[in-house]
Amino acid sequence: MKTTKTIFQDGDHRWLAIVRDPDKPNYLIDTNEYLVTHGDRGLLVDPGGAEIFPAVFSALSAEFDPSALSGMFASHQDPDCCSSLALWLEFNPAMRCYVSWMWSGFLPHFGGSGETFVAIPDEGMEIPVDTLMLQAIPAHYLHSSGNFHLYDKVARLLFSGDVGAALLPPGMDGLYVNNFDAHIRHAEAFHKRWMGSNEAKRRWCERASGMAIDLLCPQHGAIYTGPDVERFINWFDELPVGLAV
Amino acid sequence: MSTATALTVGATASAAGADLLRIVRINEQIKRVVGVSFKINIMALNAIFLAKRAGTAALGFGVLSNELRVFSQELRDCMSGLNGLIHASVNEVSIILRNGRQDRLLGELAKGGAVLPLVSGVLERRAGERSAHAKRLADLRRQLKRALEDAFQLVELGGVLAKSAKIEAAYGQSFAASLTQVSSEFDGIVEEIRGALESLRHSPFFASK
Ligand SMILES: [Fe+2]
Ligand SMILES: [Fe+2]
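All of these numbers come straight from a predicted model, not from anything done at the bench.

(A) Representation of the coordination of the iron ion (ligand 1). Residue and element names in this part refer to chain A. With distances of 2.1 to 2.2 Å, the protein atoms coordinating the iron ion (ligand 1) are H76 (NE2), D78 (OD), H143 (NE2) and D162 (OD). Here the iron ion (ligand 1) is ringed by four donor atoms whose angles at the metal span 85 to 173°, and the overall shape comes out irregular. Written as a sequence motif, the donor arrangement for the iron ion (ligand 1) is H-x1-D-x64-H-x18-D. In this structure the iron ion (ligand 2) is found 3.4 Å away from the iron ion (ligand 1), and D162 serves as a bridging donor for the pair. Taken together, the positions of H76 in the loop between β5 (69-73) and α2 (79-82) and D162 in the loop between β11 (157-159) and α4 (180-194) put the pair 86 residues apart, joining distant regions of the chain. Accessibility assignment for this pair places H76 and D162 in one class, buried.

(B) View of the coordination of the iron ion (ligand 2). Residue and element names in this part refer to chain A. Within the protein, the atoms that donate to the iron ion (ligand 2) are D80 (OD), D162 (OD), Q219 (OE1) and H220 (NE2), at distances of 2.2 to 2.4 Å. Coordination geometry of the iron ion (ligand 2): the four donor atoms subtend angles of 82 to 167° at the metal centre, consistent with an arrangement described as irregular. Summarised as a motif, the one-chain spacing of the donors to the iron ion (ligand 2) is D-x81-D-x56-Q-H. A relative accessible area of 0% places Q219 in the buried class. You can call H220 buried: its relative accessible area is 1%.

(C) Structural view of the sheet that holds strand β13 (residues 224-225) of chain A. All names here are of chain A. Judged by pairing direction, the sheet is mixed, and its six strands sit side by side in the order β8-β9-β10-β11-β12-β13 without closing on themselves. Edge strands, defined here as strands with exactly one partner in the open sheet, are β8 (126-129) and β13. Pairing analysis gives three bridges linking strand β10 (residues 148-152) to β11, with the strands arranged antiparallel. Note on β11: the bridge partner recorded for Y151 is L158.

Here is what the cut-offs are and how they apply
Within each chain, residues carry numbers counting from 1 in the order of the written sequence. Chains carry letters and ligands carry numbers; both start at the beginning, A for chains and 1 for ligands, and go up in the order they are written. Where local features are concerned, this predicted model is filtered to residues with pLDDT of at least 70; where side-chain atom pairs are given and counted, the filter is 80 or more; whole-chain, interface and lining totals use all residues. The basis for every side-chain value is the complete set of non-hydrogen atoms in the structure, without hydrogens or water. For Na, K and Ca the donor cut-off is 3.2 Å, and for all other metals it is 2.8 Å, counting N, O and S atoms only; because water is absent from this set, sites may look incomplete. Here a site with four donors is tetrahedral if all angles are between 85 and 135 degrees, and a site with four or six donors is square planar or octahedral if opposite donors are over 155 degrees apart and the other angles are between 65 and 115; anything else gets the irregular label. Note on conventions: DSSP H or I runs of at least 4 residues are helices, E runs of at least 2 residues are strands, and numbering of each starts at the N terminus. For every residue, the accessible area (1.4 Å probe, protein chains only) is compared with the maximum for its type, and the residue is labelled buried under 20%, exposed over 50%, or partly exposed between those bounds. Two strands are counted as paired when DSSP detects at least two bridges linking them.

Nothing here speaks to function; it is all geometry.
Here's what the structure looks like:
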């Protein structure tokens, strides 16, 4: 089973990270799922792949009533982000899935119906969780051509999808980055290969450096906090990306 | 998920996988029968033409050739009915396979420990859906079997027509040799269809529950 860690809390406004499953088979990429709750409502952020659904569901339901989930946010269309969609819908068929307009016709292959999807326009949109307003921030081509991050300005938290992701070796499984230089080595190859556009990356870095961020939470690897957030943005800004062979 | 339920889920999924392969093979045989029945149609047209040339000596042969044309059309209609049932079966088996994977994943939620009422509600509903799909597939299996028997009856009739054509050919005077050749070909082809249907009859698809 995965572990649930509270990474932000202010009264009933909470962010939970659902991380690290010791029983997960090695052939599946490790992912972080997040849950943001406000009042008695909850939004799942990149709910994960179908194969890890039992581990995520069990960890989540220890902390939150899964039938009170009002929706999910999918940063992009990858199977590790949201192929569990159909299984979550079993517990609440009225759940909405927020995803780039580009993928709202693709994700129904994972499950859901015409009513399930809320198409996010390219410029982003506000996503409510109870009375809390989250902001879908454009991150197109990082790496998906229709890609969003999710910003909570109250918590000063940015969920950054595959940006900031690190494929950490066994033993390096801390929730937070504690040695930036040692950590970032495991992020370099991933960013160089997965991120498709230097121009898109530059714009994202500009945008992110103008935002108040205490926690930068990627879908893979460890969470950047405090000064490591800016360190990451600067590092990313200088990294040439979008080259394969 | 109890061990018994987990076993049911696993067995349903692997049986569905085997069924899918069997259905694919049935479909290939159906395609073969349809192809051959087209051949009968063309042959019957030629035979009608030949009978016309033979005139009064081949009147009976002409009538039988016409009957064989009708038979080939009926056989194709029958096969297209079978095709519809095959399509519905593939659809049902695909749903069972997809649900099987989801049932396995949902079933893991119930492994050990107490089950949330929310989870047991979903598992119960899915068990209901699982048996509804299994029932629908069993119905389709029965309908397919029946349609196949109908096709078989039709082929029996085709066989009688081909054999009668053989007898009629003997009265074809100077055309007797060519009429005999045509009617033998008819007979051969009807036998080929019978063989294909016979092997369909023995498909393990109809034996599984
Ligand atoms: Fe991705
Ligand atoms: Fe990813």
